[in-house]
Amino acid sequence: MSQKSSPENSVQDKTFLELVEELPPERESVIPALQKIQKSQGYLPEDALETIADYTDTPLANVTGIATFYSQFYLEPQGDHTIKVCQGTACHIKGADDILDELKRELDVKAGEVTSDGKFTLTNVRCLGACSLAPVIMVDEDVHGNLTTEKAIEVLEEYE
Amino acid sequence: MKVTSKEDLEDIKKRGLTSLQSDKTKVKVGLASCGKAAGGDKVFAKLEGTLEGQEGIAVEKTGCLGFCAREPLVEVEGPEGDSLVFEEVDEESAARIANSLKEGKTPEAKVLGRKGNGEKKYGDRKDLNSLDFYRSQKKLVLKNSGIIDPESLEEYAAKDGYFGLWKAMNKYSPGEVIEEVKSSGLRGRGGAGFPTGKKWEFARNAEGNPKYVICNADEGDPGAYMDRSILEGDPFSVLEGMAIGAYAIGANQGYIYVRAEYPVAVERLKKAIELAEDRGFLGEDIMGTGFDFELEIKQGAGAFVCGEETALIASIQSKRGMPSPRPPFPAQSGFRGQPTNINNVETWANVTTVFIRGAEWFSSIGTEDSKGTKVFSLTGDIDNTGLVEVPMGTTIEEIVYKIGGAERGSIKAIQTGGPSGGVIPKEKFDLPVDYESLQEAGSIMGSGGLIVMDEETCLVEVARFFLDFIQDESCGKCTPCRDGTKRMLEILERLTSGNSTEEDIKILEELSHYVKESSLCGLGQTAPNPVLSTLRYFRNEYEAHLEGNCPAGVCFE
Ligand SMILES: Cc1cc2nc3c(=O)[nH]c(=O)nc-3n(C[C@H](O)[C@H](O)[C@H](O)COP(=O)(O)O)c2cc1C
Ligand code: FES
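Residues numbered from 1 in each chain as written. Chains lettered and ligands numbered in written order. Predicted model: local features only at pLDDT ≥ 70, side-chain atom pairs only at ≥ 80, totals over all residues. Heavy atoms only, no water.

Residue and element names in this part refer to chain B. Counted by the stated rule, this structure contains 18 aromatic pairs over all chains. When the centroid spacing of 6.4 Å and the interplanar angle of 35° are considered together, the rings of Phe194 and Phe202 count as tilted. Residue classification places Phe194 among the partly exposed residues on the basis of a relative accessible area of 36%. Each member of the aromatic cluster is reached from another via a ring pair, and the members are Tyr156, Tyr162, Phe236 and Phe281. The ring of Trp361 carries Arg357 above its face, with NZ or CZ at 3.9 Å from the centroid. Sitting over the face of the ring of Phe376, Lys374 holds its NZ or CZ atom 5.8 Å from the ring centroid. (Phe/Tyr/Trp six-rings, centres within 6.5 Å; stacked < 30°, edge-to-face > 60°. Buried < 20%, exposed > 50% of the residue type's maximum accessible area, 1.4 Å probe, protein only. Lys NZ or Arg CZ within 6 Å of the ring centre and 35° of its normal.)

Residues and elements named next belong to chain A. Across the sheet, which stays open at both edges, the four strands sit in the order β2-β1-β3-β4 with mixed pairing between neighbours. With one partner strand each, in any of the chains shown, β2 (120-125) and β4 (142-144) form the two edges of the open sheet. For this sheet, the mean inter-axis angle between neighbouring strands, taken without regard to orientation, is 25°. Bridge analysis of strand β1 (residues 81-86) against strand β3 (residues 137-139) gives three bridges, and the strand direction is antiparallel. What sits directly across from Val85, in β3, is Ile137. Contacting β1, β2 and β3, helix α6 (residues 96-107) runs over the sheet at an angle of about 150° to β1. (Pairing = 2+ DSSP bridges. Helix = DSSP H or I, 4+ residues; strand = E, 2+ residues; numbered from the N terminus. Axes fitted to C-alpha atoms, helices over the stretch in contact; angles between N-to-C directions. Contact = heavy atoms within 4.5 Å.)

So, on to the site of ligand 1. Residues and elements named next belong to chain B. Inspection of the region around ligand 1 gives 18 residues, with Gly190, Lys199, Gly220, Asn344 and Thr347 positioned closest. One of the backbone N or O atoms of Gly307 is found 3.3 Å from a nitrogen atom in ligand 1. The fraction of the free accessible surface of ligand 1 (610 Å²) that becomes covered by protein chains is 89%. Among the elements of the structure, β9 (340-344) and α21 (522-526) are those that each provide at least two residues to the shell around ligand 1. Here the shell around ligand 1 gets three residues from one element, more than from any other, and that element is β9. Along the lines of polarity and charge, the residues of the shell around ligand 1 split into three nonpolar, nine polar and six charged. (Near = heavy atom within 4 Å. Polar contact = N/O pair within 3.5 Å; in protein donor to acceptor, adjacent residues only side chain to side chain. Areas by Shrake-Rupley, 256 points an atom, 1.4 Å probe, with all protein chains shown as cover. Nonpolar A, V, L, I, M, F, W, Y, C, P; charged D, E, K, R; others polar.)

Attention now goes to the sheet that holds strand β6 (residues 212-217) of chain B. Residues and elements named next belong to chain B. Read from one edge to the other, the open sheet built from four strands follows the order β8-β7-β6-β9, with strand pairing classed as parallel. Pairing within the sheet leaves two strands with one partner each, and these edge strands are β8 (294-299) and β9. Here the average twist between neighbouring strands, direction ignored, is 20°. In the sheet, strand β7 (residues 253-258) pairs with β8 via six bridges, with the strands oriented parallel. Looking at the pairing, Gly254 lines up with Leu295 of β8. Against the sheet, helix α12 (residues 263-278) engages β7 and β8, with an angle of about 170° to β8.

Residue and element names in this part refer to chain B. According to the stated counting rule, one finds 45 salt bridges over all chains in the structure shown. Close ionic contact of Lys26 with Glu155 constitutes a salt bridge, the shortest N to O distance being 4.0 Å. With Lys26 in strand β1 (residues 25-30) and Glu155 in helix α6 (residues 153-158), this pair connects stretches of sequence that are 129 residues apart. We classify Glu155 as buried; its relative accessible area is 3%. The shortest N-O distance in the salt bridge between Arg487 and Glu490 comes to 3.0 Å. Of this pair, Arg487 and Glu490 both sit in helix α19 (residues 479-497), three residues apart, roughly one helical turn. Overall, Arg487 belongs to the partly exposed group, its relative accessible area being 40%. Within this structure, Arg70, Glu87, Glu88 and Lys110 form a network of salt bridges that share partners. (Salt bridge = Lys/Arg side-chain N within 4 Å of Asp/Glu carboxyl O.)

This next bit is on the interface of chain A and chain B. Residue-level contacts link 38 residues of chain A with 51 residues of chain B. Carbon and sulfur atoms supply 55% of the area that chain A and chain B bury against each other, a total of about 3,400 Å² over both sides. It is Glu28(A), Phe69(A) and Arg126(A) in chain A that bury the most area against chain B; as a group they hold 22% of the surface buried on that side. For the pair chain A and chain B, the number of links is four salt bridges. One salt bridge in this structure joins Arg336(B) and Glu28(A), with 2.7 Å as the shortest N-O distance. (Buried area = accessible area lost by both parts, 1.4 Å probe.)

Structural data, given as structure tokens:
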């Protein structure tokens, strides 16, 4: 368990711990624990990585190494909604680059960044499994297909 | 109530049949990810809202009907099994459909075709199975998708679901199950085409207990979604296949490794596992036979290389998803160092069919060395994009022009096998799809991605696209893959931006052979395929780029 003494941290640690407590306290729980934290927090705060390291008895360096290996994990806070623009083969051929460029312009961010109002994170992904409706984007857990640059902007309005 | 006898199973089937052939009019909305992506959820909500409390009408969800280009698809099925499928339904036409049904009229909306016993009532409409898209398909793996409610074990049983497991466990010894799989001729659908029965035999004979079975649902090919649709449209068929495999191999624990991007598939699987446990098709003492088999879902975290079996095992154990050299093969030393058998989603679903229909029947479909069917996700520059299942040996010509409805003269090539595969030019479209033919042509069967490319696609740029993907996804463990593909990508970037030099093509070719021969795992070993196959068939396009000319008019903007 984490040895942090300041009350704020201990409250937070307890919440992180509560989030992972139902998993067996072992090395194999690292990824499921990271997934649980990210699902609830939207990203992986440093303290949470420490909590997981303690709980699963895994060196912090290894936990961090795992978190950085997989593209699904974020070490920085994310926007309220995450936009994933598919860059798979089918979408690539159907003009996914145009969609990405348009969203970058509209949101005034680069891929991987959060908008200044904190509303959206814009990222890339390799195939969302809706290739027949290419080009496709995913906002949070909703997939939107058959897009044009205009329609992609319209989709964002649903998440205002 | 748990199933412990054949009578119990028959009883579930009966209930499923009643539910499938109810005396209500059913309005079924295809709500796999593709239907949802096209706006199916809104259509469903509109239909449900408008028809709420309407006597004799039920609004239900189902899996993917395959014709994804025409999603959202809505089927209206009368009590006599007479049905009409509407295409490209939006909220407005959904409201019209609902209101007509309330008034007992035939809805006015865009029709794809009639189905089932629809001939009498809708004789003027085309039968779905007579449409070019469906006519030459043969559905074994997708037979339930879009027909049953994927969250109803009863409806699955109505289609003979779990009778395969029943037969395997009550009529055959584990050794006989393996013989049956061997004689079916089934080969792995995850890419390499290894004979499934043989693989099971290795795992069964391997020393060590416990043993494990794993379902590879990582579906890494960026441009393919067969496995997702199977999991979303017919999850029990995968669970049943895995239980049969576990019994044959002697494994009491299994895992399904699903990629991070498939939330709907994960939800359906969770539900299916729960229902199967309640009925005694999973868990302790399966169907009263004394055999235990627990199944757990593991979610991936976004890494293409984790589709490779040794990397996948590392990932399930919460490690970085790095491949390790084989041997030892997973059958000898896999999950937690124990004998482990990994198969792809579609392979497991096929196992179920082998036991429901028999190995002999199964092996009557397909070619000499490639048995059964293959599901392809047909996408790219064609009208009829979707999920198609054809007997092995069907020609590319048939798939692209007839099923896909591609315009003759406008198509340049297809790409199969994703980043590990290659292109096949239109001159070779008379080739049958089977493992060996595609390999000889410089591509691979792969897991089933089939992307049609027209004359406006630049194949040098496509090769660059795949190398860019590989560079992103290389785990960095071995030098040839990490650095070799980087050099290859740099050359391709020079070619597509007009900064190449005379030697570039030659160096690219040399590097390709080097990376192919010296990489540690399949990712690196197959990474040069997109380059080698485009060089083989479209060398002239590469040479044109040297001169600053892109024949497709894509590069040098
Ligand atoms: C880089 C790489 C990625 C792979 N990705 C997948 C995948 O996404 N899905 C899959 O089933 N097999 C994939 N495979 C193949 C697996 O390693 C393994 O052969 C397969 O799951 C075995 O199942 P099968 O015999 O039923 O085909 C991949 C292989 C490599 C080298
Ligand atoms: S390629 Fe974009 S969804 Fe598959």
